[in-house]
Amino acid sequence: MTRLTAEFWVGAYLRRLQLSDIPAFVTSKGDATAGAVLIKLNTLDGNACCYQRSFDLMTGARAWMVLSEGPEPEVDAAVAKQRSFDPDLWVIEVEDRAGRHLLDEPGLAD
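Below is a short write-up of the structure. Sequence order as written defines residue numbering, which begins from 1 separately in each chain. The model is predicted, so local features are restricted to residues of pLDDT at least 70 and side-chain atom pairs to those at 80 or more, both for listing and for counting; the totals for chains, interfaces and linings are taken over all residues. The side-chain figures draw on all heavy atoms in the structure; neither hydrogens nor water molecules are used.

### Describing the pairing of strand 2 (residues 37–42)
The criterion, for reference: Relative accessibility under 20% of the residue-type maximum defines a buried residue, over 50% an exposed one, and the middle range a partly exposed one, all with a 1.4 Å probe and only protein chains included. Secondary structure elements are taken from DSSP: a helix is a run of H or I of four residues or more, a strand is a run of E of two residues or more, and numbering for both begins at the N terminus. Only strands that DSSP links by at least two bridges are regarded as paired with each other.
With 6 of its 6 residues buried, strand 2 lies for the most part within the structure. Across the two faces of strand 2 the burial is the same, with Val 37, Ile 39 and Leu 41 and Leu 38, Lys 40 and Asn 42 all buried. Of the pairings in the sheet, the one linking strand 2 to strand 5 (residues 90–95) comprises 6 bridges and is parallel in character. Its bridge partner being in strand 5, Val 37 is matched across the sheet by Trp 90.

Structure representation (structure tokens):
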């Protein structure tokens, strides 16, 4: 099975968000080919949630899992910690008061 490059996936994700009128932007550009991606959801009320892609070794399933959730400064600190040991990391910030991130939609959920 062919895997998408990180840069291609990020571009497609940003476009899907744009089509749903959900503001988002890249705050950290990682490796274009194989960089991991973090999604920070900012609900614009002082809170945020950061999602990372996880891989279940037992089942082979891939899913978006919560890396950090709570006050935005704490989530930012968790993102900074991840970036400190992964310079190839992409970080996308999504801003939506309703908490929409589209990661549970077909094509993004798996």
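### Describing unusual backbone geometry
One non-glycine residue, Leu 44, adopts positive backbone phi at about 60°. As for its position among the elements, Leu 44 is in the loop between strand 2 and strand 3 (47–55). Judged by its relative accessible area of 37%, Leu 44 is partly exposed. Positioned with a positive phi, Leu 102 is a non-glycine residue whose angle comes to about 65°.

### Concerning the packing of aromatic side chains
Keep this limit in mind: Each Phe, Tyr or Trp ring (for Trp, its six-membered ring) is paired with any other whose centre lies within 6.5 Å, and the angle between the two planes then decides the class: stacked below 30 degrees, edge-to-face above 60, tilted in between.
Enumeration according to the criterion identifies 2 aromatic pairs in this entry. Measuring from ring centre to ring centre gives 5.0 Å for Trp 9 and Tyr 13, while their planes differ by 20°; the resulting arrangement is stacked. With a gap of 4 residues between them, Trp 9 and Tyr 13 both fall in helix 1 (residues 6–19), about one helical turn apart. Of the two residues, Trp 9 and Tyr 13, neither departs from the other in class, the shared state being buried. Between Trp 9 and Trp 64 the ring centres are 5.6 Å apart and the planes differ by 35°, which places this aromatic pair in the tilted class. Here Trp 64 lies in strand 4 (residues 62–71) and Trp 9 lies in helix 1, a separation of 55 residues in the sequence. Of the aromatic side chains, those joined through ring pairs into one cluster are Trp 9, Tyr 13 and Trp 64.

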